[in-house]
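# Survey of secondary and tertiary structure
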Amino acid sequence: MHAADDDAISTPEAIWDLTHNINVKGVWFGCKHAVLALRRHGKTRGSIINTASVVALVGSATPQLAYTASKGAVLALTRELAIVHAREGFRFNSLCPAPLNTPLLQDWLGDDQAKRQRREVHFPMGRFGEAVEQAQAVLFLASDESSFVNGSDFVVDGGMTKAYVTPESAASAPPPTNNALKESLE
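Residues numbered from 1 in each chain as written. Predicted model: local features only at pLDDT ≥ 70, side-chain atom pairs only at ≥ 80, totals over all residues. Heavy atoms only, no water.

## Overview of the state of the cysteines
Applying the stated criterion across every chain yields a total of zero disulfides. Cys 31 supplies the cysteine sulfur nearest to Cys 96, a cysteine that is in no disulfide, at a spacing of 14 Å. (Disulfide = S-S within 2.5 Å.)

See below:
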């Protein structure tokens, strides 16, 4: 998401175009060439997983219009491709992650506890997701165990999009280990 991405009035057209070129056109090119490669190699099954976001499903009080609209477009594109290519055995699904505990997010939040709390309060599990949790969802979607999952908006958000009010108690379980933060994987 670009820092200049804002509301309908303040988002520059150049930022709108840049965001859509990356998030929508890039996904379209990836899907196009995945289908071409699957056909070229005579494949009768394939699983294409596009990354969308929970912002395509819920609004955000912090304006990010170009990003939100682009992720909504990824959902629509993925659903259409899922139907068009289903009889070829090619499945298309969208992964909709919530904000993840990454160095980028931590740098952005910094030491601003109010900014952090404003976001964490929406997670029933009391924490941001970890990249490894998204990776596990991708492994499922790519596997034969998900052979009848097609055109899905696969939400991995710790219940965020389903919560009206979240629990007041502290999170009871620690998050899984984030291997990206380790110096080595030994």
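## Notes on the sheet that holds strand E1 (residues 46–51)
Pairing is parallel across the open sheet formed by three strands, whose spatial order is E1-E2-E3. With one partner strand each, in any of the chains shown, E1 and strand E3 (153–156) form the two edges of the open sheet. The mean inter-strand angle of the sheet, taken between neighbouring strand axes irrespective of direction, is 30°. In this sheet, E3 lies alongside strand E2 (residues 90–97) in parallel orientation, the contact comprising four bridges. Across the sheet, residue Pro 97 finds its bridge partner in E3, namely Val 156. Those strands touched by helix H1 (residues 13–40) are E1 and E2, and its axis lies near 170° from that of E1. (Pairing = 2+ DSSP bridges. Helix = DSSP H or I, 4+ residues; strand = E, 2+ residues; numbered from the N terminus. Axes fitted to C-alpha atoms, helices over the stretch in contact; angles between N-to-C directions. Contact = heavy atoms within 4.5 Å.)

## A look at H1
Over its 28 residues, H1 runs 38 Å from end to end, which matches the ideal 40 Å to within 8%, given 1.5 Å per residue. Maximum bend of H1: about 35°, positioned at Asn 21. By the burial criterion, the buried members of H1 are Ile 15, Thr 19, His 20, Asn 23, Val 24, Val 27, Cys 31, Val 35 and Leu 38. Next to the buried residues of H1 lie E1, helix H2 (65–84) and E2. Immediately downstream of H1, the backbone of Gly 42 shows phi near 65°, a positive value. (Expected span 1.5 Å × (residues − 1). Bend = angle between axes of the 7 residues up to and from the residue. Buried < 20%, exposed > 50% of the residue type's maximum accessible area, 1.4 Å probe, protein only.)

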